[in-house]
Amino acid sequence: MAAPERLVFISPSDPPGDWEAAFRTAAPEVEFVVSRGEVERPETIDWAVVWKPPAGALARLPNLRCVLSLGAGVDHILLDPGYPRDVPLSRVVDPYLTAGMSEYVVLHVLAHHRDLPHSLGHQAAGRWKPFAAPRADETRVGILGLGELGLDAARKLRPFGYRLAGWSLGRKAEPGVESFAGAGELGAFLARSDILVCLLPLTPATRGILNSAAFDRLPRGARLINAARGGHLIESDLVAALDEGQIGGATLDVFQSEPLPATSPLWTHPKVIVTPHIAAITDPRSTAQQMAESMARVRRGEAPLNPVDLTKGY
Ligand code: NDP
Ligand code: OXD
């Protein structure tokens, strides 16, 4: 009888019990092994389900058939220069994750459009100070990244009447969303974005894209929502732009260093809303089903679901 397939689960933050239970339903034929450092009998591991695996960990699994990211983003895996590039890599594209991200984006676009931070400041001071928000149809929302998450967010923002645009590598034809494509159109896209939402993957081309030069292209007082990766944002540039008034407020879910250090000025900045990388959380039950489908495909000699293009890095 053939030995059972083995799956190693590597994550410093995801609860292994929830994933083990989900895989017991989705792929009961596969043995679920939680890595707490070295993996026993590494040559017997077929599948790796990972978030931020330590550098070199995947290269030490010589018979790996597929790596399954616990997130939609895969920068946490491809940062490892020893990533075994001949092993297919699959990322999460899941309706619950997408819905969660769109809820977050809609919540914070509305919060900035209606200037909730300003109202909360007045409340804290016991001040009754009415003010009018701009009209939605005169408020320009720009989404960096019009992929799975960016497109869904745009579709869910559309009923509010915002003037929507998106920036991507290739041109998009989404009704009601003006499409800007490529580095050459970034400046024009920024210049028309009163509320800028970042939903880009973190790649060498997008690292540090939210910097002083980009902020200077935005309309004065523009708002920033970064729910993508901390590596997109130069945090010191943002603090300077907030203090100077070029940026009027920001929501940040992701940071250069996570957890956000206690000494960061972002924690207490009156114009900043901080959330602890919770914009969208991978749902184990739904995602384990998809991972089981990817494993079935790889067994048949096919590509997994949602394969990552290693040359593009997303
Ligand atoms: P996709 O791969 O579906 O979409 C990425 C989009 O970015 C595409 O539209 C792509 O363009 C565009 N893009 C990539 N590189 C460039 C570039 N150099 N210039 C212009 N456009 C570019 O990713 P998802 O929408 O699924 O996810 C986006 C990111 O969101 C993830 O990588 C992850 O980092 C982050 N995320 C954060 C979460 C959180 O909780 N904070 C939760 C989930 C995801 P094109 O369409 O032309 O290829
Ligand atoms: C992801 C994340 O990439 O949660 O899915 O950040």
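Scroll up to find the structure this text is about.
Counting of residues starts from 1 at the beginning of each chain's written sequence and follows it residue by residue. To label them, take the chains in the order written and letter them from A, then take the ligands in the order written and number them from 1. The predicted nature of this model means local features are confined to residues of pLDDT at least 70 and side-chain atom pairs, given and counted, to a pLDDT of 80 or more, with totals for whole chains, interfaces and linings taken over all residues. The side-chain figures draw on all heavy atoms in the structure; neither hydrogens nor water molecules are used.

1. Focus on the site of ligand 2
For step 1, the next point in the chain: Neighbouring residues of ligand 2: Trp 51, Gly 71, Ala 72, Gly 73, Arg 229, His 277 and Ala 280.
For step 2, the next point in the chain: Between an oxygen atom of ligand 2 and a main-chain N or O atom of Ala 72, the distance comes to 2.7 Å.
For step 3, the next point in the chain: All accessible areas in this document rest on Shrake-Rupley with a 1.4 Å probe, and a residue is counted as covered only by the protein chains that are shown. About the coverage of ligand 2: the protein hides 86% of its 210 Å² of free accessible area.
For step 4, the next point in the chain: Under this grouping Gly is polar, as are all residues other than the nonpolar Ala, Val, Leu, Ile, Met, Phe, Trp, Tyr, Cys and Pro and the charged Asp, Glu, Lys and Arg. A class-by-class count of the residues in the shell around ligand 2 yields three nonpolar, three polar and one charged. Proximity is defined per residue: if any heavy atom of the residue lies within 4 Å of a molecule or strand, that residue is considered near it. Polar contacts here mean pairs of N or O atoms no more than 3.5 Å apart (in protein, one a potential hydrogen donor and the other a potential acceptor; neighbouring residues in sequence count only if both atoms are side-chain atoms).

2. Focus: the sheet that holds strand S9 (residues 195–198)
For step 1, the next point in the chain: Strands qualify as paired when DSSP identifies two bridges or more between them. To qualify as a helix, a DSSP run of H or I must reach at least 4 residues; to qualify as a strand, a run of E must reach at least 2; elements of each kind are numbered from the N terminus. With parallel pairing, seven strands are arranged side by side in an open sheet as S8-S7-S6-S9-S10-S11-S12. Two strands close off the open sheet at either side, each with one partner strand: strand S8 (177–181) and strand S12 (272–274). Averaged over all neighbouring strand pairs, the angle between strand axes comes to 15 degrees, with direction disregarded.
For step 2, the next point in the chain: Bridge analysis of strand S10 (residues 222–226) against strand S11 (residues 247–252) gives five bridges, and the strand direction is parallel. Pairing of Ile 225 across the sheet is with Thr 251, part of S11.
For step 3, the next point in the chain: Working rule for contacts: check all heavy atoms of both residues, and any pair within 4.5 Å makes them a contact. Simply put, an axis is a line fit to the C-alpha atoms, just over the touching stretch for a helix, and the angle between two N-to-C directions goes from 0 to 180 degrees. Contacting strand S6 (140–144), strand S7 (163–168) and S8, helix H5 (residues 148–157) runs over the sheet at an angle of about 165 degrees to S6.

3. Overview of the site of ligand 1
For step 1, the next point in the chain: Taken together, 28 residues lie near ligand 1, and Arg 91, Gly 170, Lys 172, Ala 227 and Tyr 314 sit nearest.
For step 2, the next point in the chain: At 2.8 Å from an oxygen atom of ligand 1 is found a side-chain nitrogen or oxygen belonging to Arg 91.
For step 3, the next point in the chain: Secondary-structure elements contributing two or more residues to the shell around ligand 1 are H5 and S7.
For step 4, the next point in the chain: Looking at the shell around ligand 1 residue by residue, the classes come out as 16 nonpolar, seven polar and five charged.
For step 5, the next point in the chain: Domain boundaries shown here were taken from an automatic or database domain assignment. Both domains that meet at the shell around ligand 1, namely domain 1 (6–94 + 282–299) and domain 2 (95–274), each give it at least three residues.

4. Considerations on the side chain of Thr 287
For step 1, the next point in the chain: In this fold, Thr 287 is placed in helix H9 (residues 284–299).
For step 2, the next point in the chain: If sequence neighbours within four positions are ignored, Thr 287 has contacts with Trp 19, Val 92, Asp 94 and Thr 282.

5. Some details on unusual backbone geometry
For step 1, the next point in the chain: Note the cis peptide between Glu 258 and Pro 259, where omega equals -5 degrees.
For step 2, the next point in the chain: Assignment of secondary structure puts Pro 259 in the loop between S11 and S12.
For step 3, the next point in the chain: A positive phi angle, close to 45 degrees, is found at Arg 41, a residue other than glycine.
For step 4, the next point in the chain: Note that Arg 41 resides in the loop between strand S2 (31–34) and strand S3 (45–50).

6. Observations regarding the pairing of S10
For step 1, the next point in the chain: Any residue under 20% of the maximum accessible area for its type is buried, any over 50% is exposed, and the rest in between are partly exposed; the area is computed with a 1.4 Å probe on protein chains only. Of all five residues making up S10, five are buried, and the element is well covered by its neighbours.
For step 2, the next point in the chain: Here S10 shows two buried faces, one formed by Ala 222, Leu 224 and Asn 226 and the other by Arg 223 and Ile 225.
For step 3, the next point in the chain: Taken together, the four bridges between S9 and S10 define a ladder with parallel strand orientation. From the neighbouring strand, Ile 195 faces S10, where its bridge partner is Arg 223.
For step 4, the next point in the chain: We call a crossover right-handed when, viewed with the strands running away from us, the connection from the first strand over the helix to the second turns clockwise. Taking the sense of rotation as the criterion, the β-α-β connection linking S9, helix H7 (residues 212–217) and S10 turns out right-handed.

7. Observations concerning the sheet that holds strand S5 (residues 89–90)
For step 1, the next point in the chain: Within the open sheet, the five strands sit side by side as S2-S1-S3-S4-S5. Their pairing is parallel. For this open sheet the edge positions go to S2 and S5, each flanked by a neighbour on one side alone.
For step 2, the next point in the chain: Two strands pair when backbone bridges link them, and strand S4 (residues 66–69) and S5 are joined in this way by two bridges, in the parallel orientation. Residue pairing in the sheet places Leu 68 in a bridge with Ser 90 of S5.
For step 3, the next point in the chain: The strands touched by helix H1 (residues 16–26) are strand S1 (6–10), S2 and S3; relative to S2, the strand with the most contacts, the crossing angle is about 170 degrees.
For step 4, the next point in the chain: Contacts from H9 reach S1, S3, S4 and S5, with the element oriented near 160 degrees to S4.

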